[in-house]
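What follows is each chain in one-letter form.
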Amino acid sequence: MKKILISVLLVTTCMLSATFYSPITKINFVGVYNTTTSKGGDVIFRLENSHEDCYGYYIQKDDVGFEATYSAILSAYHAKNDVRVYTSTTFDKWSGSTNMNGYCKVYTIQYR
């Protein structure tokens, strides 16, 4: 049991060290773009307070967890729940970004 707990802690620490996260805040904008990528269906959103390197955040239709993540975004937006958004340290920018900081790819969203 002790080995399993240590393994879980190590994996979690490694995953979180490869990410940046937003302050705990609310989602204040959600947009859907049907033709931005070849597959369409990109979702962008912005937070009341964001990470300094991200104007907003995005998910794409071909992301493995798209449906669950989109559902979480819409739920948090409509319920005005606090969230924390994690993104990769590489700040993968959305191809439709026109802002200097751009929209960063979502790694995970947590309700707070």
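Residues numbered from 1 in each chain as written. Predicted model: local features only at pLDDT ≥ 70, side-chain atom pairs only at ≥ 80, totals over all residues. Heavy atoms only, no water.

On to unusual backbone geometry. Backbone geometry at K80 places phi at a positive 55°, although glycine is not the residue there. Positionally, K80 belongs in the loop between α2 (66-79) and β5 (83-88). Judged by relative accessible area, K80 falls into the exposed class, the value being 58%. (Helix = DSSP H or I, 4+ residues; strand = E, 2+ residues; numbered from the N terminus. Buried < 20%, exposed > 50% of the residue type's maximum accessible area, 1.4 Å probe, protein only.)

Another aspect to go through is the environment of Y107. Here Y107 shows up in strand β6 (residues 103-111). Put simply, Y107 and T87 are 20 residues apart on the chain and 4.7 Å apart in space, counted from C-alpha to C-alpha.

Pairing geometry for strand β4 (residues 56-59) and β6, over three bridges, is parallel. Bridging across to β6, Y58 finds its partner in K105. When β5 meets β6, the two strands line up antiparallel, connected through five bridges. Bridge pairing links Y86 to T108 in β6. (Pairing = 2+ DSSP bridges.)

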